[in-house]
Amino acid sequence: MRRIVFDMNGDYGVMHFPCGVDVLFDKEDYKKISKYSNWQINNDGKGTTRVRAIVTNAEGKKSYTEMSVALGYPMYHTTHINGNWYDMRKENLAIKTNQQISYSSKVPVTCKSGVKGVRKIAENKYSATITYHGDKYYLGTYDVKEKAVKARLLAEDIYCHGSLCASQKFLHKVFGN
């Protein structure tokens with residue numbers, strides 16, 4: 001069984017995984033990282049890749065610790081500025097609120113309408129919703145997809161105060177909101 005190799009020779013540390021992936025980290029974080037012995041790369045199949053440690057308690061039960069949590073960042077609120085999920089250096093990590101994460105998130109792969117917050121519910125029927133501060137708001141049912149999209153975009157302007165969902169900004173040009 002091949003092991004992870006730590007390289008501390010450059011400006012930052014590198015974890016060389018047997019699968020060929022290199023994870024970058026700040027040298028001062030080596031102690032935090034090296035206390036975990038069983039690191040793995042996990043891809044959930046939906047475009048999210050995680051670097052996490054497997055931790056086994058006294059009863060033999062396994063749990064997982066995300067690398068960002070091991071470094072002291074809150075779970076699921078860490079984003080990678082340069083888009084590289086394997087770059088765990090402080091200069092590349094930023095903390096985001098749930099609202100900021102929601103605005104910058106992409107349209108889900110499972111979204112068949114192609115528009116976040118709009119879904120087809122029946123033949124020629126579309127539903128529009130928006131989630132704001134953890135509360136989901138129903139915006140209505142529409143006979144035409146374009147009307148549902150306009151309702152969603154208007155709700156983004158009202159609830160999100162102009163901080164549009166980054167992946168849907170182009171829709172404002174198309175639909176004139």
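Residues numbered from 1 in each chain as written. Predicted model: local features only at pLDDT ≥ 70, side-chain atom pairs only at ≥ 80, totals over all residues. Heavy atoms only, no water.

**As for the sheet that holds strand β11 (residues 135–142)**
In spatial order, the strands read β9-β10-β11; together these three strands make up an open sheet with antiparallel pairing. Because the sheet does not close on itself, it has two edges, and the strands there are β9 (118–122) and β11. Between one strand axis and the next, the sheet turns through 30° on average, direction left out of account. Two elements, strand β10 (residues 125–132) and β11, share seven bridges in a ladder whose sense is antiparallel. (Pairing = 2+ DSSP bridges. Helix = DSSP H or I, 4+ residues; strand = E, 2+ residues; numbered from the N terminus. Axes fitted to C-alpha atoms, helices over the stretch in contact; angles between N-to-C directions.)

**A closer look at the pattern of salt bridges**
Counted according to the given criterion, the structure contains seven salt bridges. Salt-bridge contacts for Glu28 lead to Lys90; the nearest nitrogen and oxygen are separated by 3.5 Å. In this pair, Glu28 is assigned in the loop between β3 (22–25) and α1 (30–34) and Lys90 in the loop between β7 (78–80) and β8 (93–95), connecting sequence segments 62 residues apart. We classify Glu28 as exposed; its relative accessible area is 57%. (Salt bridge = Lys/Arg side-chain N within 4 Å of Asp/Glu carboxyl O. Buried < 20%, exposed > 50% of the residue type's maximum accessible area, 1.4 Å probe, protein only.)

**Some thoughts on the nonpolar core**
Counting residues in hydrophobic clusters, the biggest one holds 16 residues, and the most contacted among them are Met15, Phe17, Val23, Ile33, Trp39 and Met67. Elements supplying a minimum of two residues to this core: β3, β5 (49–56) and α2 (67–70). Non-local contacts of Trp39, meaning those with residues more than four positions away in its chain, are made with Ile4, Met15, Phe17, Ile33, Val51, Arg52, Ala53, Thr65, Met67 and Ala70. Listed in part, the eight residues of the second largest apolar core include Val115, Ala128, Ala148 and Val149. (Core = buried A, V, L, I, M, F, W, Y, C linked by side-chain atoms within 4.5 Å. Contact = heavy atoms within 4.5 Å.)

**Observations concerning the sheet that holds β3**
Across a sheet, strands are paired by hydrogen bonds formed along the backbone, either parallel or antiparallel in direction. Read across the sheet, three strands follow the order β1-β2-β3 without closing on themselves; strand pairing throughout is antiparallel. With partners counted over all chains shown, the strands left at the sheet margins are β1 (5–7) and β3, one partner each. The sheet shows a mean angle of 20° between the axes of neighbouring strands, direction not considered. When β1 meets strand β2 (residues 13–16), the two strands line up antiparallel, connected through three bridges. Looking across to β2, one finds that Val5 is bridged to His16.

**Thoughts on the packing of aromatic side chains**
A complete count under the given rule lists three aromatic pairs for this structure. Relative to Tyr30, the ring of Phe6 lies with its centre 5.2 Å away and its plane at 85°, an arrangement referred to as edge-to-face. One end of the pair, Phe6, is in strand β1; the other, Tyr30, is in helix α1, and 24 residues separate them in sequence. Residue Tyr30 is classed as partly exposed on the basis of its relative accessible area of 31%. Relative to Trp39, the ring of Tyr36 has its centre 5.6 Å away and its plane inclined at 75°; by these criteria the two rings are edge-to-face. (Phe/Tyr/Trp six-rings, centres within 6.5 Å; stacked < 30°, edge-to-face > 60°.)

**A word on unusual backbone geometry**
Backbone geometry at Asn124 places phi at a positive 60°, although glycine is not the residue there. Assignment of secondary structure puts Asn124 in the loop between β9 and β10. Relative accessible area serves as the criterion here: at 48%, Asn124 is assigned to the partly exposed category.

**Overview of the environment of Ser127**
Among the structural elements, Ser127 can be located in strand β10. Residues Ser127 and Leu139, twelve residues apart in the sequence, show an inter-C-alpha distance of 7.4 Å. Setting aside chain neighbours within four positions, we find Ser127 in contact with Gly117, Val118, Arg119, Ile121, Tyr138, Gly140 and Thr141.

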